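Chain by chain, the residues:
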Amino acid sequence: MTPSHNHSQPLVPVLLLGAVDAANADITSLSFDDDGEYLLTASEKGRELRVWSCEDGAVKRKIYVKKNGVGVARFAHRHTGIVHTATINDDHIRYLSTHDNKYIRSFQGHLKKVTCLEVSPVNDQFLSSAPGDSARLWDLRTPNCQGLLDVKAGQTPYFGWDPSGLVFGMALQFGESGPTDLRLYDARNYQKGPFSTWYLGDDLPPIRGLAFSPDSRKILIHTVVESHLILDAYNGNRLGKTQGPGRMSFQACWHPSSEQVFAGSGRGGVSIYDIRGLHTGRLMSKAIGVTSGIAFNPKKWMMVSSHGHEVVLWRKEEEKDDASDANKASSGIQDMDMSV
């Protein structure tokens, strides 16, 4: 039975989950498993992955990737499978089984650092891209690239999956703030090219990702400033954009209602914007530092945000006391060293 949630009750920061061991080792990606039970964090400078419990905030596993490093990491649906990029020695993508404590396979083809990695919400497909290199479609079950998507020299591609897994979008931007296109593909017939292409203009700040809304009706284009673009997913029309102070932000994500957007704030903390009034963002908390990553877990009705090398857990205010001692349960940490 799915637990009921009070959608109108605000979220508050209830727990500082912890810090990466290495000094100045900022968190570079956040991911939840399909069941919403676990959070995966990656640290590029720290060269490590961590698996956290979404129930009590405890670190369940540390995985050291000193040999090849890590930039972006995603759960491969279950919490025992992890797909991650490399940052040292090569630009391969690797599929790790934490159950067997070994790599299952390597996906080779990129010649530059992979900055975008997105797993299909319904099957074993995943997408990857590297600026100035290529955009690729893969299947976890085989090391062979399943498809190359058209990317021109100088373009930076970012992907996002529709919740149905039947459609994916690719945003392409020339340089750091040049002309930008958004292309939509049928995941089953991507070889035919995009079924819709929309020109988004040449005035967007550097893009760092895109996300379909949970109801599939809207698309969020998030950038490195607090000016994130909201589009109609059916015709590409601009529905508006968030209006922050213009400082570094990097990430934004959807509220499960599809009517609100959470965005990292350059002022520190997290802001929430209502789709019907994007000019009136509300700062939820400013005492937790500049936000570099943010993700919502609808299965547990919670959110996490990363601030430098720290991760903050957000829950409904009524659950604040329940989480006060959550981080004490880290005694059962399992360490893995994947450097050999």
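Heads up: the structure comes first, above all this text.
Described below are features of the structure shown in this document.

Rules used throughout
- Residues numbered from 1 in each chain as written.
- Predicted model: local features only at pLDDT ≥ 70, side-chain atom pairs only at ≥ 80, totals over all residues.
- Heavy atoms only, no water.
- Helix = DSSP H or I, 4+ residues; strand = E, 2+ residues; numbered from the N terminus.
- Contact = heavy atoms within 4.5 Å.
- Areas by Shrake-Rupley, 256 points an atom, 1.4 Å probe, with all protein chains shown as cover.
- Salt bridge = Lys/Arg side-chain N within 4 Å of Asp/Glu carboxyl O.
- Buried < 20%, exposed > 50% of the residue type's maximum accessible area, 1.4 Å probe, protein only.
- 1 Å grid on protein atoms, 1.4 Å probe; cavity = no way out; pocket = protein on both sides within 12 Å on 5 of 7 lines; lining within 4 Å.
- Points joined across faces, edges and corners; volume = space filled by probe spheres on them.
- Nonpolar A, V, L, I, M, F, W, Y, C, P; charged D, E, K, R; others polar.
- Pairing = 2+ DSSP bridges.
- Axes fitted to C-alpha atoms, helices over the stretch in contact; angles between N-to-C directions.

1. A short note on the overall build of the chain
No. 1: What the chain contains, in helices and strands, is 0 helices and 29 strands.
No. 2: Put simply, of all contacts in the chain between residues at least 6 apart along the chain, 46% involve residues at least 24 apart.
No. 3: Carbon together with sulfur atoms contributes 47% to the accessible area of the chain, which is approximately 14,500 Å² in total.

2. Observations regarding the pattern of salt bridges
No. 1: Following the criterion strictly, the structure yields 13 salt bridges and no others.
No. 2: Notably, a salt bridge pairs Glu-44 with Lys-113, separated by 2.8 Å at the nearest N-O pair. In this pair, Glu-44 is assigned in the loop between strand 3 (38-43) and strand 4 (48-53) and Lys-113 in the loop between strand 9 (102-107) and strand 10 (116-119), connecting sequence segments 69 residues apart.
No. 3: Classification of Lys-113 by relative accessible area gives partly exposed; the value is 37%.
No. 4: In this structure, a network of salt bridges that share partners links the residues Glu-37, Glu-55 and Lys-300.

3. Remarks on empty space enclosed by the protein
No. 1: Counted according to the given criterion, the structure contains 1 cavity of 30 Å³ or more.
No. 2: For the largest cavity, the calculated volume is near 30 Å³.
No. 3: Residue composition of the lining of the largest cavity, grouped by class: 6 nonpolar, 2 polar and no charged.

4. What about unusual backbone geometry?
No. 1: Although it is not a glycine, His-77 sits at a positive phi angle of roughly 75 degrees.
No. 2: With respect to the helices, strands and loops of the structure, His-77 is situated in the loop between strand 6 (73-76) and strand 7 (78-85).
No. 3: Residue His-77 is classed as buried on the basis of its relative accessible area, which comes to 14%.

5. Description of the sheet that holds strand 13 (residues 142-149)
No. 1: The sheet built from 4 strands is open, its strands ordered 10-11-12-13 with antiparallel pairing. Bordering the open sheet on either side are strand 10 and strand 13, each of which pairs with just one other strand. For this sheet the average axis-to-axis angle between neighbouring strands, irrespective of direction, equals 25 degrees.

By themselves these figures say nothing about function.
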